[in-house]
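# Coordinate analysis (summary)
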Amino acid sequence: MKHQISLKLFVTLAFLSLAVVLVFGYSLLSAHYYHMGMNSITASNMEETARSYLELVPAARQKQLNSFRKYTIAKNWEQMPEEVRNAFGTAPVEPGFAIKREDSSWLTPPNTMYFLYMYRENNQTVFVSRQGRRETTPHLIGRNAKESQQMLLAISISIAAVLAIIILLLLRRISKPVTALGQWARSLDSEKLSQSPPDFSYPELNELAGLIRTSLSSVQESLEREHSFLRHASHELRTPIAIVRNNVELLQKLETKPEQTAQRRQVIDRIDRAGHTMQHLTETLLWLSRNDVDALPSKKIELDNLLQELVNEMKYLLNRKNIELVLKTNPYTISLPEIPARIVLGNLIRNAFQHSWKGCITIYQRDDRVLISNPQSPDGSDTSDLGFGLGLQLTAQLSAKLGWMYTDESETHYRIATITLNS
């Protein structure tokens, strides 16, 4: 597996390498300008010596090699000392300054240096040279050069150290909010996703935190919708599944009685209706779990007959209970999405039947308004099992999404649910 370097270490090494290169480059540049300054001083002295030589030394004497102000001066290149001619090879073509070093390398200073200056004025040419050896160099010059090198090295090291400290502080300043962003992202849960992200000092990091929160919130919402769909599906499919199972058993018993054709037809119709109910129920729950609000298809429904059908399907929940059921309806036809209406009314009726043990259950329908009242224990403890809260949650969600007015009130001895199915 390829070893990956961390971003923090990579940036640190990159900045430090850049700092070292800059310091090293400027150190070489400083040393170069130091040498250029020394050479300029030497060249200036040699030029002044050549000018004074032409002015002060008689012309007759200038025809031979002379020593003037510690410089060797001649008008002809052939008159120059042999070691100078050997060092430079050929005579300079243009006036100017030249240096030759012998026995030198990158890390060691030269043992011998030759300085040559060609001076030309008023058609007169003068060659000025000087030879310097390390053992004959004045101690003061060597000490000054050494001190200059030490100072240059100290300044370079100091600048490199300061740059390193600045880079490390800068990276620490940058890495701290980045680390905080990573820790915050790792600690995100459903509670923190509902809160605004903290401030990470930089707008780019704040924008990234917002994107992370938005993405995770979207994923969480999708998961919650899926979980909600599964919970609601398992809750709502119990009744049609029970109908299918009971009627299949009844159908198996009727097979031994060929004369019960009408009853078999009724059983098959109930199974078929339950199958269609499960199909439409699943489609409705999928529709509820989507973000879009495409309208469900509506159809003409006789509300009083629908209530009677739902009551008949769920009467088994009142078996062995001391319950009086009062159903009051009036004929009323309304255009509604059938399956959501079945889910909402079926939930309210089932909850009333499941959580009542004695007393009177009243189902009252007037036009598009339905009221369901059922007795409950004073402490409300009978509402805790069999998904009572889940059924009401689904009822509230469907009612809100379809624009139906739904209220659920709990009194001392009764629970009253009211829904208005607006067409």
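Residues numbered from 1 in each chain as written. Predicted model: local features only at pLDDT ≥ 70, side-chain atom pairs only at ≥ 80, totals over all residues. Heavy atoms only, no water.

### Considerations on the overall build of the protein chain
Scanning the protein chain for helices and strands turns up 10 helices and 12 strands. Taking the intrachain contacts of the protein chain between residues at least 6 apart in sequence as the baseline, contacts between residues at least 24 apart amount to 63%. Working note: accessible area of the protein chain is about 26500 Å², and carbon and sulfur atoms make up 56% of it. (Helix = DSSP H or I, 4+ residues; strand = E, 2+ residues; numbered from the N terminus. Contact = heavy atoms within 4.5 Å. Areas by Shrake-Rupley, 256 points an atom, 1.4 Å probe, with all protein chains shown as cover.)

### Observations concerning the packing of aromatic side chains
Aromatic ring pairs are defined here through the distance separating the ring centres and the angle between the ring planes. Inspection of every chain in the model, using the stated rule, returns 3 aromatic pairs. Considering the side-chain rings of Tyr53 and Phe68, the 5.8 Å spacing of their centres and the 70° angle between planes classify their relative orientation as edge-to-face. On the criterion of sequence distance, the pair formed by Tyr53 in helix 1 (residues 7-56) and Phe68 in strand 1 (residues 66-68) is long-range, its members being 15 residues apart. Of the two residues, Tyr53 and Phe68, neither departs from the other in class, the shared state being buried. The side chain of Arg130 reaches across the aromatic face of Tyr71, ending 5.2 Å from its centre. Here Lys321 stacks its cationic end above the ring of Trp357, 4.3 Å away from the centre of that ring. (Phe/Tyr/Trp six-rings, centres within 6.5 Å; stacked < 30°, edge-to-face > 60°. Buried < 20%, exposed > 50% of the residue type's maximum accessible area, 1.4 Å probe, protein only. Lys NZ or Arg CZ within 6 Å of the ring centre and 35° of its normal.)

### Side note on unusual backbone geometry
Despite not being glycine, Lys70 has its phi angle at roughly 65°, a positive value. With respect to the helices and strands, the residue Lys70 is situated in the loop between strand 1 and strand 2 (71-74). A relative accessible area of 69% means that Lys70 is categorised as exposed. Phi angles above zero are rare outside glycine, and Arg320 is one such case at about 60°. Assignment of secondary structure puts Arg320 in the loop between helix 8 (303-314) and strand 7 (322-328). Assessed through its relative accessible area of 83%, Arg320 is described here as exposed.

### What to know about the pairing of strand 9 (residues 358-366)
Bridge analysis of strand 7 against strand 9 gives 7 bridges, and the strand direction is parallel. In the strand pairing of strand 9, Leu325 is matched with Ile361. Relative to strand 10 (residues 369-375), strand 9 runs antiparallel, the two being bridged by 5 bridges. Bridged to Ile363 within strand 10 is Ile372. Where strand 9 folds back onto strand 10 in an antiparallel hairpin, the turn is made up of 2 residues, including Asp367, whose phi is positive at roughly 55°. (Pairing = 2+ DSSP bridges.)

### Concerning the confidence of the model for the protein chain
For the protein chain, the mean per-residue pLDDT works out to 79, and 82% of the residues sit at or above 70. Note that pLDDT drops below 50 for residues 380-388; the model gives that stretch 16 contacts with residues more than four away or on any other chain. (pLDDT = per-residue confidence, 0-100.)

### Examining a nonpolar patch on the surface
A contiguous nonpolar surface patch, about 620 Å² in accessible area, is contributed by Leu18, Leu22, Tyr26, Leu29, Tyr33 and Met36. Among the secondary structure elements, Tyr33 is positioned in helix 1. Residue class for Tyr33 comes out exposed when judged on its relative accessible area of 52%. (Patch = residues over 30% accessible without salt bridge, like charges linked within 9 Å, V, L, I, M, F, W, Y side chains within 5 Å. Salt bridge = Lys/Arg side-chain N within 4 Å of Asp/Glu carboxyl O.)

### Notes on helix 9 (residues 338-354)
In a regular helix each residue adds 1.5 Å, so 17 residues correspond to 24 Å; helix 9 covers 23 Å between its end C-alpha atoms and thus fits that length. Here helix 9 lies mainly inside the structure; 16 of its 17 residues are buried. (Expected span 1.5 Å × (residues − 1).)

### A look at the sheet that holds strand 9
Spatially, the 5 strands line up as an open sheet ordered 7-9-10-12-11, and their pairing is mixed. If you trace the sheet from one side to the other, it starts and ends with strand 7 and strand 11 (405-410), each paired once. Neighbour to neighbour, the strand axes of the sheet diverge by 10° on average, direction disregarded. Pairing of strand 11 with strand 12 (residues 414-420), which is carried by 6 bridges, proceeds in the antiparallel orientation. Bridge assignment links Thr407 to a residue of strand 12, and that residue is Thr418. Relative to the sheet, helix 8 contacts strand 7, strand 9 and strand 10, its axis offset from that of strand 9 by approximately 155°. Along the sheet face, helix 9 touches strand 7, strand 9, strand 10, strand 11 and strand 12 and points at about 15° away from the line of strand 10. (Axes fitted to C-alpha atoms, helices over the stretch in contact; angles between N-to-C directions.)

### A few points about the nonpolar core
Here is a general trend for soluble globular proteins: nonpolar side chains tend to be buried in one another's company. Among the nonpolar cores identified, the biggest contains 33 residues, and Leu345, Leu348, Ile349, Phe353, Ile419 and Leu421 are the most heavily contacted of them. Residue assignment for this core shows that the elements contributing at least two residues are helix 8, strand 8 (333-336), helix 9, strand 9, strand 10, helix 10 (388-402) and strand 12. A per-element tally of this core places helix 9 first, with 9 residues. Discounting residues that sit within four places of it in the chain, Leu345 has contacts with Leu303, Leu306, Leu307, Leu310, Val370, Ile419 and Leu421. (Core = buried A, V, L, I, M, F, W, Y, C linked by side-chain atoms within 4.5 Å.)

### Here's the deal with the sheet that holds strand 4 (residues 112-121)
Ordered in space as 1-2-5-4-3, the 5 strands form an open sheet in which the pairing is antiparallel. The outermost strands of the open sheet, each flanked by one partner alone, are strand 1 and strand 3 (96-102). This sheet shows a mean twist of 25° between the axes of neighbouring strands, independent of strand direction. The sheet contact formed by strand 1 and strand 2 spans 3 bridges and is antiparallel. When the sheet's bridge partners are listed, Asn66 is paired in strand 2 with Ile73.

### Regarding helix 8
Given a rise of 1.5 Å per residue, 12 residues ought to cover 16 Å, and the 17 Å separating the end C-alpha atoms of helix 8 matches this to within 8%. When we look at burial in helix 8, the residues that qualify are Leu303, Asp304, Leu306, Leu307, Leu310, Val311 and Met314. The buried side chains of helix 8 occupy one side of the element, clustering within an arc of 160° when seen end-on. Structurally, helix 8 contributes buried residues whose contacts are with strand 6 (299-302), strand 7, helix 9, strand 9 and strand 10. (Arc of directions from axis to C-beta.)

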